[in-house]
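Residue strings, one per chain:
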Amino acid sequence: MARTREFDIDAAVSRAMELFWRRGYEATSVRDLVQHLGIGQGSLYAAFGDKDGLYRAALERYRTTFAAAALRSLEEGADARSAIRALLVERIHIAVEHDGRGCLLVNAATERLPEDQPTRRTVRDVLGANQDALTDLLCVAAERDEISTRHDPPTLAAFLVTFLNGLLVSSKITPDALALEPLVEVALTVLD
């Protein structure tokens, strides 16, 4: 008779996400995971297949929580400039928490790519969704004359996503929001 799982899958994925975010994929062993999650190795393999399966579940959890929250913040902004400023500053604050753990997706890209194609797809999908949301916001802002039209919205959106990724890498080197926030104002000048 098969044993039933004796742990909460969602809680395990959330805890694994935190561990991978703090330590990275390579520095996190299966032993670390089972100790941190409080489950047996057999349960981990039964639920997720292997460490990679749990990592993908953790990346997906990040995507549906932190990355999705970033997109919602764009939709709630009063004007494009304020929405983009709020998004960038919020991402800085999340990234510098816990002594500069950065962004799990950017960390995954710098650690796992180009070899890990499933991770590439996840990161590309999230960055693409961010860029699409920014493009939509910037198109509306251009129609309302809130921003300059010297750059087209897709190019501006691509620049802002690239800038954000650079900020998130920098947050690992300098986990100081006060040092990074002024850079946001410089980046926003592309909207003038």
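Parameters and conventions
Residues numbered from 1 in each chain as written. Predicted model: local features only at pLDDT ≥ 70, side-chain atom pairs only at ≥ 80, totals over all residues. Heavy atoms only, no water. Helix = DSSP H or I, 4+ residues; strand = E, 2+ residues; numbered from the N terminus. Buried < 20%, exposed > 50% of the residue type's maximum accessible area, 1.4 Å probe, protein only. Areas by Shrake-Rupley, 256 points an atom, 1.4 Å probe, with all protein chains shown as cover. pLDDT = per-residue confidence, 0-100. Axes fitted to C-alpha atoms, helices over the stretch in contact; angles between N-to-C directions. Parallel < 35°, antiparallel > 145°, perpendicular 65-115°, else oblique. Contact = heavy atoms within 4.5 Å. Nonpolar A, V, L, I, M, F, W, Y, C, P; charged D, E, K, R; others polar. Phe/Tyr/Trp six-rings, centres within 6.5 Å; stacked < 30°, edge-to-face > 60°. Salt bridge = Lys/Arg side-chain N within 4 Å of Asp/Glu carboxyl O.

Visitor: So what's going on with the overall build of the protein chain? Residues and values would help.
Guide: Summing up its helical and strand segments, the protein chain has 9 helices and 0 strands in all. If you line up the protein chain on its principal axes, its C-alpha atoms span 65 × 35 × 30 Å. By the burial criterion, 43% of the 192 residues in the protein chain qualify as buried. If you sum the accessible surface of the protein chain, you get close to 9,900 Å²; carbon and sulfur atoms cover 52% of it.

Visitor: With reference to specific residues and values, describe the confidence of the model for the protein chain.
Guide: Averaged over all residues, the pLDDT of the protein chain equals 91, while 96% of them reach at least 70. Per-element confidence in the protein chain is highest for helix α9 (residues 177-188), whose mean pLDDT is 96, and lowest for helix α4 (residues 51-76), whose mean pLDDT is 86.

Visitor: Hey, could you go over the packing of helix α6 (residues 104-112) against helix α8 (residues 153-173) for me, with residue numbers and the actual values?
Guide: At a minimum axis distance of 10 Å, the contact between α6 and α8 shows a crossing angle of 85 degrees. Comparing the axis directions of α6 and α8 gives the class roughly perpendicular. Where α6 approaches α8, its residues V106, N107 and T110 are matched on the opposing element by N165, L168, V169 and K172. Considered class by class, the residues forming the contact of α6 with α8 number 3 nonpolar, 3 polar and 1 charged.

Visitor: Just give me the short version of the side chain of N130, but keep the residues and values in it.
Guide: For N130, the location among the structural elements is in helix α7 (residues 117-143). In this structure N130 comes out as buried when scored by relative accessible area, which is 15%. In contact with N130, not counting residues within four places along its chain, are A67, L71 and V161.

Visitor: So what's going on with unusual backbone geometry? Which residues, and what values?
Guide: Cis geometry marks the peptide bond from L113 to P114, where omega comes out at 15 degrees. Relative to the elements of secondary structure, P114 occurs in the loop between α6 and α7. With a phi angle near 60 degrees, D145 is a residue other than glycine that sits in the positive phi range. Structurally, D145 can be placed in the loop between α7 and α8. A residue is classified by how much of its surface remains accessible, and D145, at 67% relative accessible area, is exposed.

Visitor: So what's going on with the side chain of R101? Which residues, and what values?
Guide: Tracing the backbone through its elements, the reader meets R101 in the loop between α5 (80-100) and α6. With sequence-adjacent residues up to four places away left out, R101 is seen in contact with E18, W21, I94, A95, N107 and K172.

Visitor: So what's going on with the packing of aromatic side chains? Which residues, and what values?
Guide: Counting across every chain of the model gives 7 aromatic pairs. Seen from their ring centres, W21 and F66 are 4.9 Å apart, and the 75 degrees between their planes marks the pair as edge-to-face. In this pair, W21 sits in helix α1 (residues 9-23) while F66 sits in helix α4, placing the two residues 45 residues apart along the sequence. By relative accessible area, which is 1% here, W21 ends up buried.

Visitor: Describe in detail the pattern of salt bridges, supporting the description with residues and values.
Guide: Under the defined criterion, the tally for this structure stands at 13 salt bridges. With its nearest N and O atoms 3.8 Å apart, the salt bridge here joins R63 to E60. Of this pair, R63 and E60 both sit in helix α4, 3 residues apart, roughly one helical turn. R85 serves as the salt-bridge partner of E185, at 2.8 Å between the closest nitrogen and oxygen.

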